[in-house]
Amino acid sequence: MTETIKTDVLIIGAGPCGLFAVFELGLLDVKCHLVDILDKVGGQCAELYPEKPIYDIPGIPEISGHGLVRQLMEQVRPFDPQFHLNEMVVQLDKLGDGGFRAVTDADKVFECKVVVIAAGGGSFQPKRPPMPGIEAYEGKSVFYAVRKMEDFRGKRLVIAGGGDSALDWTLNLQPIAERVTLLHRRDQFRAAPDSVKKMKALVEAGKMDLRLGQVTALEGEGGMLSGVVARPDKGEPYRIDCDTMLPFFGLTMKLGPVADWGIRLEDSLIPVDTAAFETNVPGIFAIGDINTYPGKLKLILSGFHEGALMAQKAYHYVYPDKRLVFQYTTSSTSLQKKLGVA
Amino acid sequence: MPKITFIDTADTSRTVETEIGSTVMEAALKNGVPGVEAECGGACACATCHVYVDEEWREKTGAPSPMEEDMLDFGYDVRPNSRLSCQIKVTNDLDGLVVRTPVRQA
């Protein structure tokens with residue numbers, strides 16, 4: 001039995017809104033744990049546009065996605081938030097005493113007073129090639145991630161894609177698979193040049209195959225692949241015999257398990273009130289891109305505002321008997337002590 | 001204002017007016033043209049605004065940048081005339097541009 005982590009607030013999503021919520025809650029002595037499916041903090045700012053400039057953060061004329069995340073991490077440091085990256089909350093249940101119990105896909109268990117869903121566009125998940133009928137093969141002979149390398153020993157693999165995931169798994173699985181074929185649209189790769197060099201050396205030595213083209217169809221029966229059909233830019237489609245395919249076509253955002261938690265949804269968004277950004281389930285809040293209300297704008301600054309108001313109400317779930325006096329960081333010595341500046 | 005025509009896989013054609021300096025993706029979204037999703041909002045960070053540029057216009061729209069080519073790796077049924085519509089800036093030269101939307105976005 002795994003140990004249960006007890007915390008005041010569990011924040012789902014460590015993007016800009018989740019991070020700033022740590023700050024607003026921290027000022028009120030509310031402690032946070034954050035879970036994020038990515039291997040890094042920052043959400044879309046880190047995954048989609050780390051180098052792109054953002055021009056609409058109040059008081060900051062221009063900052064990159066990566067820069068904003070770095071600054072937010074600096075801002076929340078005094079509150080010592082605990083991050084659980086590469087994990088997804090898969091189950092959320094109400095406890096008898098008014099709190100919640102959350103379980104991640106790594107079997108980590110949290111007990112908390114409040115849940116803040118700051119999951120943006122949803123969880124980043126591997127993109128499925130939109131091929132008709134692929135569902136039948138998923139989990140049987142088509143896999144979007146490698147959990148255990150041993151599962152692929154002795155297999156005839158087709159690895160599709162040209163980024164680091166595709167190249168890394170090509171190099172890692174080549175020694176144990178019967179045969180690896182790397183299938184990519186063009187003879188240029190996004191992956192690290194060193195990996196590309198190693199892959200090309202293996203091709204040169206006849207130890208694996210590199211084919212150019214895009215998968216157009218899967219062939220097999222009962223979920224077990226017997227081959228894939230690929231089409232090159234020019235020329236006729238061809239077939240590659242294989243028993244397993246690993247497509248690596250990047251990440252996309254999917255709402256994911258949030259839909260199963262008994263929270264009311266509207267078009268894959270979570271309706272909230274605009275006084276506290278609370279969902280229809282008392283104690284579960286939703287801030288940032290994932291919520292909706294009349295006049296909602298998907299702006300980072302709106303998410304910050306939502307986090308500040310959410311914290312005022314969340315406080316009362318954590319400290320039901322205490323009165324909350326509103327204070328400014330500019331003038332309150334007690335807030336400044338929490339920030340480590342007084 | 002330059003006009004852009006979007007043709008879907010059922011050969012339905014939609015012509016919209018657009019502004020110089022905006023992108024073909026923005027023209028599609030502003031006018032509710034189906035078949036262009038633009039999940040990332042135009043950051044060249046996904047491949048869901050994929051279109052096929054009509055052969056006659058390929059020279060004027062030019063070739064994808066290396067970053068755009070990288071993103072096209074994530075597209076579905078990518079062809080030599082494939083572009084990400086968020087990366088095609090509208091100019092006077094593109095007045096009358098014709099693009100086709102794919103059977104599905106990746």
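About the thresholds
- Residues numbered from 1 in each chain as written.
- Chains lettered and ligands numbered in written order.
- Predicted model: local features only at pLDDT ≥ 70, side-chain atom pairs only at ≥ 80, totals over all residues.
- Helix = DSSP H or I, 4+ residues; strand = E, 2+ residues; numbered from the N terminus.
- Rg over C-alpha atoms; globule rule 2.2 N^0.38 Å.
- Buried ≥ 20, exposed ≤ 12 C-beta atoms within 10 Å, placed from the backbone.
- Contact = placed C-beta atoms within 7 Å.
- Nonpolar A, V, L, I, M, F, W, Y, C, P; charged D, E, K, R; others polar.
- Expected span 1.5 Å × (residues − 1).
- Core = buried A, V, L, I, M, F, W, Y, C linked by C-beta atoms within 7 Å.
- Domains from an automatic or database assignment.
- pLDDT = per-residue confidence, 0-100.
- Pairing = 2+ DSSP bridges.
- Axes fitted to C-alpha atoms, helices over the stretch in contact; angles between N-to-C directions.

Caption draft 1: The overall build of chain B, seen in detail. Secondary structure assignment for chain B yields 3 helices and 5 strands. On C-alpha atoms alone, chain B measures out to a radius of gyration of 12 Å, which is about the 13 Å that the 2.2 N^0.38 rule sets for 106 residues. Dimensions of chain B along its principal axes, counting C-alpha atoms only, are 30 × 30 × 25 Å. Burial analysis of chain B (106 residues in total) assigns 41% to the buried set. Residue pairs at least 24 apart in sequence account for 65% of intrachain contacts in chain B once pairs closer than 6 positions are excluded.

Caption draft 2: Quick peek at the interface of chain B and chain A. Chain B puts 13 residues into the contact, and the matching count from chain A is 15 residues. Partitioned by chemical class, the residues of the side of chain B that touches chain A number 8 nonpolar, no polar and 5 charged.

Caption draft 3: Quick peek at helix H1 (residues 16-27) of chain A. Residues and elements named next belong to chain A. The end-to-end C-alpha separation of H1 is 17 Å, in line with the 16 Å expected for 12 residues at 1.5 Å each. The buried fraction of H1 amounts to 12 of the 12 residues, a majority that puts the element mostly inside the structure. Within the span of H1, buried status applies to Pro16, Cys17, Gly18, Leu19, Phe20, Ala21, Val22, Phe23, Glu24, Leu25, Gly26 and Leu27. Residue Asp29 follows H1 closely and has a positive phi angle near 65°.

Caption draft 4: Focus on the nonpolar core. In this structure, Ala21(A), Val115(A), Val116(A), Ile117(A) and Ala314(A) are the most contacted members of the largest nonpolar core, which totals 60 residues. Residues in contact with Val116(A), not counting those within four places in the same chain, are Val9(A), Ile11(A), Ile12(A), Ala21(A), Phe285(A), Ile287(A) and Met310(A). In terms of nonpolar packing, the next biggest core, distinct from the first, is built from 58 residues, Val142(A), Ala160(A), Ala166(A) and Tyr76(B) among them.

Caption draft 5: Here's a closer look at the domain arrangement of chain A. Looking at chain A, the domain boundaries give domain 1 (4-125 + 252-338) and domain 2 (128-249). Taking only C-alpha atoms, the centre of domain 1 of chain A and the centre of domain 2 of chain A are 38 Å apart.

Caption draft 6: Spotlight on the confidence of the model for chain B. Looking at chain B, the pLDDT average stands at 94 and 100% of residues meet or exceed 70. Looking over chain B, one finds the lowest element-wise mean pLDDT in helix H3 (residues 66-72) of chain B, namely 93, and the highest in strand S3 (residues 50-53) of chain B, namely 98.

Caption draft 7: Expanded view of the sheet that holds strand S10 (residues 156-160) of chain A. Residues and elements named next belong to chain A. Spatially, the 4 strands line up as an open sheet ordered S12-S11-S10-S16, and their pairing is parallel. Strands with a single pairing partner mark the edges of an open sheet, and in this sheet they are strand S12 (209-212) and strand S16 (244-247). Looking at each pair of strands side by side, their axes are set apart by 20° on average, direction ignored. As defined by bridge partners, strand S11 (residues 179-184) adjoins S12 across 4 bridges and the pair is classed as parallel. Counted as the bridge partner of Leu183 is Arg211 from S12. Along the sheet, helix H4 (residues 164-173) contacts S10, S11 and S16; its crossing angle with S10, the most-contacted strand, is approximately 160°.

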